[in-house]
Amino acid sequence: MTQSLTAKFMIGITGIVAAVLFLSLMWDFEYQQRQTDGDLLAKASLVAKQQQATRSFMAESSKTDFVHGGEARSLLPSEIGEGVSDIFADLSKSQVKQTHLTVRNEANTPDEFERHALELFAADSSLNEYSQRVTLADGSYAFRYMMAMRADQSCLLCHGEPVGELDKTGYPKEGYKEGDLAGAISVILPMRDALHAARAESIRLAILVLALAALTLALIWFLLWRQVASPLAQLAGVAASVGAGHLRIEPPELKPLYLNRETAVVADAFEQMTRRLQEMYDGLEQKVLERTAELQEANQELERASRHKSEFLSMVSHEFRTPLTSVITFTELLLADEHLKPEQRENLQDVLESSQALLRMINDLLDLSRLDAGKIKLFREVLDIHDLVRDVVRTVHTLAEKKGIDLVVEPAPDLPLVYADELRISQVLLNLLGNALKFTPNEGTVRVTAKATDDKVLVAVTDTGVGIAEEEQERIFEAFRQAGRQRPEGSGLGLALARSLVELHGGRIWVESRLGEGATFAFTLPIWSEQGRGLHDDRSEANSGS
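Our subject in this report is the structure included herewith. (Residues numbered from 1 in each chain as written. Predicted model: local features only at pLDDT ≥ 70, side-chain atom pairs only at ≥ 80, totals over all residues. Heavy atoms only, no water.)

**Remarks on the packing of helix α9 (residues 422-439) against helix α10 (residues 494-504)**
The description of two helices packed together rests on the angle between their axes and the distance between the axes.
Here comes step 1: Direction vectors running N to C along α9 and α10 enclose 145 degrees, while the axes themselves pass 9 Å from each other. In this structure, α9 crosses over α10, and the sense of that crossing is left-handed. On α10, the residues that touch R424, Q427, V428, N431, L432 and N435 of α9 are G494, L495, L497, A498, L501 and V502.
Here comes step 2: Here the residues of the contact of α9 with α10 sort into 7 nonpolar, 4 polar and 1 charged. (Axes fitted to C-alpha atoms, helices over the stretch in contact; angles between N-to-C directions. Helix = DSSP H or I, 4+ residues; strand = E, 2+ residues; numbered from the N terminus. Left-handed = near helix turned anticlockwise from the far one by under 90°. Contact = heavy atoms within 4.5 Å. Nonpolar A, V, L, I, M, F, W, Y, C, P; charged D, E, K, R; others polar.)

**Considerations on the packing of aromatic side chains**
Here comes step 1: Tallied over the entire structure, the rule returns 3 aromatic pairs.
Here comes step 2: Plain terms: the ring middles of F477 and F521 are 6.2 Å apart, the flat faces sit at 65 degrees to each other, and that makes the pair edge-to-face. Taken together, the residues F477 in the loop between β11 (456-463) and α10 and F521 in strand β13 (residues 519-526) connect sequence positions 44 residues apart.
Here comes step 3: Overall, F477 belongs to the buried group, its relative accessible area being 3%.
Here comes step 4: Over the face of the ring belonging to W510 we find R508, whose NZ or CZ atom lies 4.0 Å from the ring centre. (Phe/Tyr/Trp six-rings, centres within 6.5 Å; stacked < 30°, edge-to-face > 60°. Buried < 20%, exposed > 50% of the residue type's maximum accessible area, 1.4 Å probe, protein only. Lys NZ or Arg CZ within 6 Å of the ring centre and 35° of its normal.)

**Things to note about the environment of A412**
Here comes step 1: Within the secondary structure layout, A412 lies in the loop between β8 (406-411) and β9 (418-421).
Here comes step 2: Sequence-wise, A412 and A452 are 40 residues apart; in three dimensions their C-alpha atoms are separated by 7.9 Å.
Here comes step 3: If we skip the residues at most four places from it in the chain, A412 touches A450 and K451.

**Quick word on the sheet that holds strand β4 (residues 129-135)**
Here comes step 1: Strands sit in the order β3-β6-β5-β4 across an open sheet of 4 strands; the sheet is antiparallel. Each having just a single partner strand, β3 (95-99) and β4 make up the two edges of the open sheet. Taken over all neighbouring pairs, the strand axes of this sheet differ in orientation by 20 degrees on average, direction set aside.
Here comes step 2: Of the strand pairs in this sheet, β4 and strand β5 (residues 141-150) are connected by 7 bridges, and their pairing is antiparallel. Within the sheet, the bridge partner assigned to R133 lies in β5 and is F143.
Here comes step 3: Across the face of the sheet, helix α3 (residues 112-123) comes into contact with β3, β4, β5 and β6 (181-190) while running at roughly 35 degrees to β5. (Pairing = 2+ DSSP bridges.)

**A look at the environment of Q35**
Here comes step 1: Within the secondary structure, Q35 is located in helix α1 (residues 5-60).
Here comes step 2: Under the relative-accessibility criterion, Q35 is labelled partly exposed at 35%.
Here comes step 3: Each C-alpha atom of the pair Q35 and A194 lies 10.0 Å from the other, and the pair is 159 residues apart in sequence.

**Observations regarding the sheet that holds β13**
Here comes step 1: Read from one edge of the open sheet, 5 strands run β8-β10-β11-β13-β12, paired in mixed fashion. Strands with a single pairing partner mark the edges of an open sheet, and in this sheet they are β8 and β12 (509-513). Direction aside, the axes of adjacent strands within the sheet are offset by 15 degrees on average.
Here comes step 2: Against the sheet, helix α8 (residues 385-403) makes contact with β8, β10 (445-453), β11 and β13, and its axis sits at roughly 175 degrees relative to β8, the strand it touches most.

Given below as structure tokens:
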């Protein structure tokens, strides 16, 4: 099913907006993560610097004695840092600790993360900070931060040279020089609150963006429908109306298209097109009326000419038949005289044959004109095609014997009855047999067969004559047309009349032939049916005249 332009456009826009939203939210999520890490880094750095400041201050103030562990002595920066870390841990959820690869207090021993950071600080004197997100043993996320402590003048009092000398607290000095790595401050900040705040901010932003996107899509859909889809739908309706033949367009029908400059151009072009179509239609309709009138007049002229031709042929044929019948009758009476000389008898026989041939031609011409005028009526009856073939063959048997032609009749046994006009079918078969005998040389063979095929009976006449060229096989059934080869006398009406009579019965006639191999003329007739007068005879009854 074809989607609408609005649906396709909205699907495309929605896809683009969804992709942009996805990328935007992913970028915002990454930004929130980086922002959280930055905030935690700043916080951890501040804590570490405060711790460092505390150490430095206490180192400068180390000349004053304090009671520690039951004895009066100066507090060490590490001891002060440890105490401050404990207090800081109690006051907050964060942890701060001082550590070094070699510690004086085992509580400050570095863990794996701290050791790795200390090794990095020792290897690179310019590196003073190291941070990373980690997962704690309880499964929670935390931000770990390490800040390197480089030895300064306040540190050298207890940790400087010479190496191994006991400081005033009783610990051997490490022999640090100014700038050497004196340890690091480790800060652990829990991320639960920070991540929760970042997630809440991301959700709030996502909801806001989705709401804006939905609002934007709704606005786009409304504008698209109002400015594009609705005018195009209106144009489609007008086009359908024009396609249905309503070429006159009312101004309100195209009004929505004039709201925009682009669609207004389409509306103007469409309106011009319909005006031109209307003009062409009006002109074409007038021309059609004129041509129709001319054709009607021409048809009337043709009908009058055809009627005059048929009337003329009928009149001429009728006028010729009367004297010809008289000529034939008196010629036959003269031939009955036994006292005629051989030469006289031969001349009279020629007159008789010529008169009979002329009479047959006139009869064919008269029948053909009646067929054209639809004035021939068929007198159908149930026939045995075997008897009809036998009677027609008996009629031409003498002519076959005269030429020494072997006339063979081979009807199939148990032939079904046919429903036809006996006189007209005899006329067709007699015409085909007469042609076969005329075109077959002496001592040749003419074969007549009949058999049932489906719901018809097929009758065929086969000769051993010279045959008919393929290009002439169709036109020989036209009136006054004969094959191009040398032929005996004939008017060219017999096959045309035969085809008309067979088709009038609802059958078909055709020829199969090759030059030099003889010819087979075949035709079909409807089989008699007990349920009706015959199969396939409705059309022929309608055309048979009255």
